[in-house]
Structures are given as structure tokens and as C-alpha cells.
Amino acid sequence: MKSAITISQVPEAAAGPFVLRTPLPEAFATAAAIGFDAVELFLPGPYFASVEQVKSLAAIHGLAIAAVGTGAGWLRHGLSFTDPSEEIREQALHFVLSMIDFGAHFKAPAILGSMQGKNVGPDSMEHLVAALRICAKAAAEHHVPFIYEPLNRYETNLFNRLGDAAKFLEAHDLKNVVLLADLFHMNIEEQDVATALLEAAPHVGHVHFADSNRQAMGFGHTAAAPIIAALRQIGYTGYLSAEILPLPDPETAARQTISSIRSLLES
Ligand code: LER
Ligand code: MN
């Protein structure tokens, strides 16, 4: 398993679970200095940074791009895949497809988190399936998966648990869509986080590595060892990506993440 840390460049996400918020050159340098393998980018859109700039920062600092978030489409523009308006759904799709194309330059899959929206009517599930199918196909053309993230009940009423989302993917034969196991959401929704990971095994494609209070692992009360054991058991070799609050400050949160990952993986 590899380590990653979130970088946000979205002013509207000031209260969000993102660690590094300085301009990209500085944020990449900090991530590398603290010892991360990769960064996960939360950008205002696909045209915020040039492909060349991100490629060069990644090369200079020896960092991979673990994934790219798409939540700015919701935060900044109010777009979602389940909006009752066809026009808004089209714009949402355009935004996410652009992020898939952007991420593909760095072999980074795009994440569908808050842009999934909510179940607001009889057609919502159909809208979600249609959008996931299009995104999964676009991602497949770039040889990357598309990442779907179940969120806790205060953020969506679509899928809150990994197992329900896994059954949904299977029922609709949604290929090339993997699930994001965000340990913060799972701490709220799952009966047992490790068991949920074992049960959703073939679908788990990315991990947001957060403690129970959405701080760095070790700063809350999540028992991380059984979770790492479950991830090992299912053969997960992807990222443990710190999508966490920058508390008590970004550098301390980042350093705590690295030391918790190192001690968990060494034991
Ligand atoms: C996105 O990855 C996520 O976990 C959401 O809770 C962001 O608000
Ligand atoms: Mn998350």
C-alpha cells in the first residue's frame, strides 16, 4: 500500500477535509519533504493547472498523482448527476468527463463523491447509473478506473455503505467502476469497517485514510490495525490517501499520517 495526501486549491472547500492548501509548487514540495508517495488533487476544474505543470511538479518531487477529485463541480457550480434538470446533469457529466481526461494524463482516476448528488425522485437511480456507465467507459479508454464513493447519511441518501454500493454495481453490471472506502464515512455507517472491506473485496479501489473524527489516523478512536489487516487480506495495493482535516495544522496532520501509515505497514 502507498501513501497519499490531499491538496486542495478550491477556496469554497475551506472547511473541507483537505490537508495542503498552499499553491501547487509549495504543496507538492511539502508532500515530498514529509515522505508521501503521491498527492490527491482537489482542483476547481480541469483548466486550473496545466497538464505540463502537474507533470513537471510530479517529476521534480518524485510524486505520483493518486486520484483527482471532482467535488468542485458541486461546491462551485451546484452540479450533480442526479439533479432533476437534464441541463444540469449534462453540465455535471461534462465537468466530470473533463476531470477524467485531465487525470488520465497522470494515470490518476477521477472520484465521484459529492457530485453524485442525492436520491430526489423516482428517476435518480437511473440517472446515477447512466452517468456512471458513461464515466466508466471514458475512464476505460484511458486505462484507468472510475471511482465511486459511498458517503455518510448527512451527505447523500444514495449509497452510504460499501456493501450496498457493491451490490448496486453488480446489479447494473457497472464495469470499470471501483469503490472508494472512506474510513470516515465508514466509521459512521458500517457495523464493522474491516468486515465491510472484506465483503466488498473485489470492488475496493481507493481508500481515504481518516480517523473517526476525520483527523489524521491516530488522532481519533478508529482501530486502524484490523482495517490494515483486512486491506492486506483482500490484496489491496492502492493508496491510503489522507483526506482529512488539517488539524491541528497541515504539517502536523501530514506527519501524523505518514507515521501512522509507516507503523501500521511495518507491524
Ligand atoms: C469526498 O471524498 C468526501 O469524502 C466528501 O465527504 C467530501 O465532502
Ligand atoms: Mn472521501
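Every value quoted in this text rests on a predicted model; they were computed, and no experiment measured them.

A. Expanded view of the overall build of the protein chain. When helices and strands are tallied, the protein chain shows 10 helices and 8 strands. The C-alpha atoms of the protein chain give 17 Å as radius of gyration, which agrees with the globular expectation for 267 residues (18 Å, within 12%). The dimensions of the protein chain, computed from C-alpha atoms along their principal axes, are 45 × 40 × 30 Å. Burial status across the protein chain gives 56% buried among its 267 residues. Here the protein chain has roughly 11100 Å² of accessible surface; of this, 54% comes from carbon and sulfur atoms. For the protein chain, the separation between the mean place of its 17 positive charges and that of its 28 negative charges on side chains is 3 Å.

B. Up close: empty space enclosed by the protein. This model, assessed by the stated rule, comprises 1 cavity of 30 Å³ or more. The wall of the largest cavity is formed by P150, N160, R161, L162, L180, A181, D182, H185, M186 and E190. Listing elements by their share of the lining of the largest cavity, those giving two or more residues are β6 (177-182) and α7 (183-189). The leading source of residues in the lining of the largest cavity is β6, at 3 residues. Across the lining of the largest cavity, the residue classes break down as 5 nonpolar, 2 polar and 3 charged.

C. Representation of the coordination of the manganese ion (ligand 2) in the model. The manganese ion (ligand 2) binds to the protein through E149 (OE), D182 (OD), H208 (ND1) and E243 (OE), with metal-donor distances spanning 2.1 to 2.2 Å. Around the manganese ion (ligand 2), the 6 donor atoms are arranged such that angles at the metal cover 70 to 173°; this shape is classified as octahedral. Look at where the donors of the manganese ion (ligand 2) fall in the sequence and you get E-x32-D-x25-H-x34-E. Taken together, the residues span a long stretch of sequence, with E149 in the loop between β5 (146-148) and α6 (162-171) and E243 in the loop between β8 (239-242) and α10 (250-266) at a distance of 94 residues.

D. Summary view of the packing of helix α4 (residues 86-104) against helix α5 (residues 124-141). At their nearest, the axes of α4 and α5 sit 10 Å apart, and the two run at 25° to each other. The angle between α4 and α5 places the two elements in the roughly parallel class. Along this stretch, α4 crosses α5, giving a crossing that reads as right-handed. Two secondary-structure elements touch here, α4 through R89, L93, V96, L97 and I100 and α5 through H127, A131, I134, C135, A138 and A139. Looking at the contact of α4 with α5 residue by residue, the classes come out as 9 nonpolar, 1 polar and 1 charged.

E. Layout of the pairing of strand β2 (residues 38-42). Taken across its 5 residues, β2 has 5 buried, putting it largely inside the fold. The two faces of β2 match: A38, E40 and F42 on one face and V39 and L41 on the other face are all buried. For strand β1 (residues 2-8) and β2, the ladder comprises 5 bridges, and the chain directions are parallel. Across the sheet, I5 pairs through a bridge with V39, a residue of β2. Considered for its hand, the β-α-β crossover made up of β2, helix α2 (residues 51-61) and strand β3 (residues 64-69) is right-handed.

F. Main features of the pattern of salt bridges. If you walk through the whole model with that rule in mind, you get 7 salt bridges. Of the charged contacts in the structure, one is a salt bridge between E12 and R76, with a shortest N-O distance of 3.1 Å. Taken as a pair, E12 in the loop between β1 and α1 (24-34) and R76 in the loop between α3 (72-75) and α4 lie far apart in primary sequence, 64 residues in all. Given a relative accessible area of 40%, E12 falls into the partly exposed group. A relative accessible area of 37% places R76 in the partly exposed class. In this structure, a network of salt bridges that share partners links the residues D182, R214 and E243.

The rules behind these values
- Residues numbered from 1 in each chain as written.
- Chains lettered and ligands numbered in written order.
- Predicted model: local features only at pLDDT ≥ 70, side-chain atom pairs only at ≥ 80, totals over all residues.
- Heavy atoms only, no water.
- Helix = DSSP H or I, 4+ residues; strand = E, 2+ residues; numbered from the N terminus.
- Rg over C-alpha atoms; globule rule 2.2 N^0.38 Å.
- Buried < 20%, exposed > 50% of the residue type's maximum accessible area, 1.4 Å probe, protein only.
- Areas by Shrake-Rupley, 256 points an atom, 1.4 Å probe, with all protein chains shown as cover.
- Lys, Arg positive; Asp, Glu negative; His and termini not counted.
- Charge placed at Lys NZ, Arg CZ, Asp CG, Glu CD.
- 1 Å grid on protein atoms, 1.4 Å probe; cavity = no way out; pocket = protein on both sides within 12 Å on 5 of 7 lines; lining within 4 Å.
- Points joined across faces, edges and corners; volume = space filled by probe spheres on them.
- Nonpolar A, V, L, I, M, F, W, Y, C, P; charged D, E, K, R; others polar.
- Donors = N, O, S within 2.8 Å, 3.2 Å for Na, K, Ca; no water.
- Tetrahedral: all angles 85-135°; square planar, octahedral: opposite > 155°, others 65-115°.
- Axes fitted to C-alpha atoms, helices over the stretch in contact; angles between N-to-C directions.
- Parallel < 35°, antiparallel > 145°, perpendicular 65-115°, else oblique.
- Left-handed = near helix turned anticlockwise from the far one by under 90°.
- Contact = heavy atoms within 4.5 Å.
- Pairing = 2+ DSSP bridges.
- Right-handed = clockwise from strand over helix to strand, strands pointing away.
- Salt bridge = Lys/Arg side-chain N within 4 Å of Asp/Glu carboxyl O.

The values reported here are purely geometric and, on their own, carry no functional implication.
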